[in-house]
Amino acid sequence: MEQVLFWGCWFATLGTTALLLLWSLPLSPFTHPGITANEAVIIFLAVMVIRWLALAAALILVVIVWGQRLNLATRWIVGLAIAVLALHFVLGIINLGVMNVWLSIDHTKTRATNAIYAGIYFGLPTLLLLLTAPLMLSAARILR
């Protein structure tokens, strides 16, 4: 059951990241000069929250599986899960700040700065996705 839930969360995170990328194509740096962000981009926030919640669930499942694999006591698994969630929260806040700066209306921003902001915005969750899959695969393979 953990594997099904993990991969469901993993693919939900991947899908929401792809959806956000698709919705971002009319914006700079994907299109130059790109449309100006308006109130409609508030939907990005809701989808981003879903993405980060699904990723948090996947990370917790990885922590639980690795805790079981390493025969850690329950209190250590809980402590490790809290530490991972705290780090995940900080990365989510950074991602939210980068999204705010990227989508803000500032006439001094260039295409290059927008590219950096978009790279960080899509790179943080993608990096976590790329880290969680091998960790879960290796833990699941060893547990069998």
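Residues numbered from 1 in each chain as written. Predicted model: local features only at pLDDT ≥ 70, side-chain atom pairs only at ≥ 80, totals over all residues. Heavy atoms only, no water.

S.K.: Please set out the packing of helix 2 (residues 42-69) against helix 3 (residues 74-103) residue by residue, giving values where relevant.
M.R.: Direction vectors running N to C along helix 2 and helix 3 enclose 155°, while the axes themselves pass 10 Å from each other. Taken as axis vectors, helix 2 and helix 3 run roughly antiparallel relative to one another. Remark: the crossing between helix 2 and helix 3 carries right-handed chirality. Among the residues forming the contact of helix 2 with helix 3, the class breakdown is 19 nonpolar, five polar and one charged. (Axes fitted to C-alpha atoms, helices over the stretch in contact; angles between N-to-C directions. Helix = DSSP H or I, 4+ residues; strand = E, 2+ residues; numbered from the N terminus. Parallel < 35°, antiparallel > 145°, perpendicular 65-115°, else oblique. Left-handed = near helix turned anticlockwise from the far one by under 90°. Nonpolar A, V, L, I, M, F, W, Y, C, P; charged D, E, K, R; others polar.)

S.K.: Explain the environment of Leu55 to me, and be specific about the residues and the numbers.
M.R.: With respect to the helices, strands and loops of the structure, Leu55 is situated in helix 2. Classification of Leu55 as buried rests on a relative accessible area of 0%. In this structure the C-alpha to C-alpha distance between Leu55 and Phe6, which are 49 residues apart in sequence, comes to 9.1 Å. Here Leu55 is in contact with Thr13, His88, Pro125, Leu128 and Leu129, once residues within four sequence places are set aside. (Buried < 20%, exposed > 50% of the residue type's maximum accessible area, 1.4 Å probe, protein only. Contact = heavy atoms within 4.5 Å.)

S.K.: Outline the nonpolar core, supporting the account with residue identities and numerical values.
M.R.: Counting 31 residues, the largest nonpolar core has Phe6, Leu20, Phe44, Trp52, Leu103 and Tyr121 as its most contacted members. Those elements giving two or more residues to this core turn out to be helix 1 (2-24), helix 2, helix 3 and helix 4 (111-143). At 10 residues, helix 2 tops the list of elements feeding residues into this core. The residues touching Phe44, leaving out its near neighbours within four places in the chain, are Leu20, Trp23, Ser24, Leu27, Met99, Leu103 and Tyr121. (Core = buried A, V, L, I, M, F, W, Y, C linked by side-chain atoms within 4.5 Å.)

S.K.: Please provide a residue-by-residue account of the packing of helix 1 against helix 2, values included.
M.R.: Interhelical geometry of helix 1 versus helix 2 gives an angle of 150° and a closest axis separation of 8 Å. The angle between the axes of helix 1 and helix 2 places the two elements in the roughly antiparallel class. Helix 2 is crossed by helix 1, and the crossing has left-handed handedness. Among the residues making up the contact of helix 1 with helix 2, the classes are represented as 20 nonpolar, five polar and two charged.

S.K.: Provide a residue-level description of the packing of aromatic side chains, including the pertinent values.
M.R.: Across all of its chains, the model carries 10 aromatic pairs by this definition. Taking 4.8 Å as the distance between ring centres and 85° as the angle between the ring planes, the aromatic pair formed by Phe6 and Trp7 counts as edge-to-face. Ring geometry for Trp7 versus Trp10: centroids 5.4 Å apart, planes at 70°, classification edge-to-face. Within this pair, Trp7 and its partner Trp10 are both found in helix 1, separated by three residues, close to a single helical turn. The buried category is assigned to Trp10, whose relative accessible area is 12%. (Phe/Tyr/Trp six-rings, centres within 6.5 Å; stacked < 30°, edge-to-face > 60°.)

S.K.: Describe in detail the side chain of Thr132, supporting the description with residues and values.
M.R.: Inspection of the secondary structure puts Thr132 in helix 4. Those residues in contact with Thr132 that sit more than four places away from it in its chain are Phe6, Trp10, Leu59 and Val62.

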